[in-house]
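# Structural description and commentary
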Amino acid sequence: MVPSVVDGHDVPALYGPAIDTLPLMFAIVDESGVILSTNKTWGEFGRANGVELTPNTLGVNYLDVADMADDATGKQAANGIKAVLTGERATFELEYPCHTPSTDRWFRLYVAPFTIDGATYASIAHIDITQRKQRETALEAAYDICTDVERTFTEQLDALLELGRETLGTAFGTLSQVHGDEYVFEAVTAPATADLEAGRTASIEDLPNCGHVVEHRKPLALSDVEAEAPDLADPEWGIASYIGAPVVVDGTVYGTFCFYGLEPRATAFTQWDLTFVRLLSDWVEYELERQRHTEQRNALNTALPDPSFIIDAEGRFLDCLTDPETMVKVDDTDTLVGQTLHEFLSDDTADSLLSAVRAALRTGSFQSVEYTLETPGGERWFEARVAPLESRSYDLDTVIFVARDITAHKDRQAELERQRDELEQAQRLNVLGREIAKALQDTQTREEIESAVCTHLTESDLYRAVWAGTRGSTTTVTLSAAAGIDTATPEKISPAEHSLATDAIDTGEVQVVEDIADASTHSDTGTDCPLIADHSAVAAVPLTTGETTYGVLMVYAPAEATIGCRESSILADLGRLIALSIQRVHSQQSLLAATTVELEFLTPDSDDVFARLSATLGCSFTLERRVPTSSGNCLHYVRVSDADTERVCQALTETPSVESCAVVEAAAENRETLLEVALDEISASPLDTIADYGGAVTRAIATDGDLRFAAEMAPDVNVRAVVEAVRETAPGTELRSKQYVDQPVSTATGFQTRIRDQLTPKQAAALKTAYARGYYDWPRKSSAEELAATLDISAPTLHYRLRKAHDAVIGALFDAEANFEELG
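Below is a summary of the structure that appears in this document. (Residues numbered from 1 in each chain as written. Predicted model: local features only at pLDDT ≥ 70, side-chain atom pairs only at ≥ 80, totals over all residues. Heavy atoms only, no water.)

## As for the sheet that holds strand β8 (residues 172-179)
The strand order across the open sheet formed by six strands is β10-β9-β8-β13-β12-β11, and the pairing between neighbours is antiparallel. Each having just a single partner strand, β10 (201-203) and β11 (220-222) make up the two edges of the open sheet. In this sheet, neighbouring strand axes are inclined to one another by 25° on average, regardless of whether the strands run parallel or antiparallel. Note that β8 and strand β9 (residues 182-189) share seven bridges and pair antiparallel. Within the sheet, the bridge partner assigned to Gln177 lies in β9 and is Val184. Helix α7 (residues 208-216) contacts β8, β9, β11, β12 (241-249) and β13 (252-261) of the sheet and is inclined by roughly 40° relative to β12. (Pairing = 2+ DSSP bridges. Helix = DSSP H or I, 4+ residues; strand = E, 2+ residues; numbered from the N terminus. Axes fitted to C-alpha atoms, helices over the stretch in contact; angles between N-to-C directions. Contact = heavy atoms within 4.5 Å.)

## So, the nonpolar core
If you look at the biggest cluster of nonpolar residues, it comprises 72 residues, and the most contacted ones within it are Leu457, Leu553 and Leu652. Element by element, the count of residues in this core is highest for helix α17 (residues 565-592), at eight residues. Other than its neighbours up to four places away in sequence, Leu553 contacts Val453, Cys454, Leu457, Val466, Trp467, Ala468, Ala539, Ala540, Val541, Leu543, Leu574 and Ile578. Ranked by size, the runner-up nonpolar core spans 28 residues in total, among them Ala138, Ile145, Ala187 and Phe259. (Core = buried A, V, L, I, M, F, W, Y, C linked by side-chain atoms within 4.5 Å. Buried < 20%, exposed > 50% of the residue type's maximum accessible area, 1.4 Å probe, protein only.)

## As for helix α14 (residues 446-459)
Think of an α-helix as 3.6 residues a turn; residues three or four steps apart then line up on the same face. With 14 residues, α14 extends 20 Å between its outermost C-alpha atoms, agreeing within 8% with the 20 Å of an ideal straight helix rising 1.5 Å per residue. Every buried residue of α14 is accounted for by Arg446, Ile449, Glu450, Ala452, Val453, Cys454, Leu457 and Thr458. At the C-terminal side of α14, Asp461 shows a positive phi close to 70°. (Expected span 1.5 Å × (residues − 1).)

## Considering the environment of Arg780
In this structure, Arg780 sits in the loop between α23 (761-772) and α24 (784-791). A distance of 3.1 Å separates a polar side-chain atom of Arg780 from the backbone oxygen of Tyr775. (Polar contact = N/O pair within 3.5 Å; in protein donor to acceptor, adjacent residues only side chain to side chain.)

## A word on unusual backbone geometry
What is expected of a backbone is that most residues other than glycine have negative phi and most peptide bonds are trans. In this structure, Pro779 follows Trp778 across a cis peptide bond, with omega equal to 0°. Within the secondary structure, Pro779 is located in the loop between α23 and α24. The phi angle at Asp117 is positive, at roughly 55°, despite the residue not being glycine. Looking at where Asp117 falls in the secondary structure, it is placed in the loop between β6 (106-116) and β7 (119-128). Positioned with a positive phi, Asp605 is a non-glycine residue whose angle comes to about 50°.

This is how it looks when you write it as structure tokens:
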């Protein structure tokens, strides 16, 4: 126990006055947080800041006051003090800001418990740490400036000088360089009214403070120059306070980095102030040295752009003349000097280079050798140019070794060879493509098309194997024809080949892998092996035209051969040719078949423009005709029922994808309004898919948000493929029915008879006369007036009869092509 009486003094009685002298706010609280005692500083701070925690208000509960604070700091302090009083924590510390409108301040709260006669108390101290925080802030700001790669060196200097002025409270900050007896101000921060800027020069005699720093190569800090060092006072500049440090570059004093004012300071510079200036000066020294070395290295690299070295007969690097980073994996030339070729290069490369070095020394003549190196940027080609060197600075048996980067030259050679091979391949493939196109002209079925293509491609020696297939599921394809593969069966197609083929079908683009064996997973059973087991480049070519993809063509290149971009483009064209041929035979089969397959589809909640509006407006749209135009849009002729025409037109016009809407035919008895709607963008439509498969849409209607349509297809069409293709365009589409129907045989004679039956004798006479006299030729051989005179009728009568005849002929043509009726 500490005695209470020492030399006749009552020690506890001394505690109160002693604590009053401490530069901190101190208080004692009981276990409930009530303030029992405060020191003098506590009361003075409270009065100065409007805080009524004076001795007159002792008994206030400190925890209640802290809890009522409107910020997180007060609540955090209250919780910490409670934890100390309850014994949950031995002590509690918290740093917090306490700013005023005029200044920023920070404090550290420290709480510790003590016990007297079994009762628990806590001492609370608020310590002003503003100065420490300001210094930390200054150092952090200096670090941010020095590491800001977005700023130039000049911008960093200006920012550091401005930071120094604010931190040290001086009016001026400069970086000056010594030039003989003169000082050059390289960077300056000063008041706006001061007559000082970068580039100005002054005599060193007029700046004795800076001269002292340069001469003694030591920092200097003077709060009052006249009082502390009268011999350094200068009448010319009138510098009254000064703090600065020398800037030493490569062992020589470069100049000074300093801050000064024209009035003495009220407070003396601290040791921290001097350390802060020295830190800034050290950074300036480092940057100036780095810049000087970089400039020297860049100048040498410009003069000698290739890595250059001095090497002795043992292959040891004696010196690095230029930057070697482009040649070897080193960060500094100092780490390379002293090493041998064999210490950082492969044995084969080092042996080859050392042989060239010794040959140059033995023969006294120039030697060269090409080699490759793995550099940070990848493999590069070099040409070593070696010549004997006679110099007193090195041993007699030394050479100068220049490593010339010839990667670009090698790459050009390889690219030219690749382009030559690719061009030859493309030329051969183009010739083959023309032969295939000719062969496909006489094909009558899809099977003949696929078989002919596979055979032609493999017999040309351009490809070792080819097979064609259609989608079997979302992840598989079904093989339909093959050539060059003796064991090609659907069961032997590997997962990698399925994946490659379905990717081509899904994307509609040629997919290429450099080696199908590498793309395959290997198993002990061998079930994952590709059809061509050894290494081969493979291209999956989609058979696509418009929005329809009929399948995929898989082509396997010969061993060691590649499939380039030019070849991929030609294969894509071949895929489109095959697709068009398949589309052609589908259409022919549909036209010539006496029996057709009628398919009825339903797309619930369709995304189609007319389907969406039918749900919104409660009407029905019956499609009569779709006409794609050369401008890229598509005209739709639709009849509208159960809705106001003006309202429908307005709704269509407000739809983003609709370019225009016009009434072609007003509603009449038993005829609904006919609209012409132009869409400014053609989206994928299931009706286009039907046409791509050679079918004809016979009925189509949009009502209640659903799209219903029916189509007639050739009897041998792959209905599953058609349905899947329709669903890719319109997800959710259902096949509602499928039935075979007899198709009436239509001949050219029958078509002509139907047209004649619709023409009156006078209309037929006008049409035949116009045709016979060359009225439809260009340029015309007869005018309308000449025709009218021939027929002995007036010109208006002639035009009337011709228009009626044209309407009959064109109507018969298009009515035979499509006849849309509403689906029930």
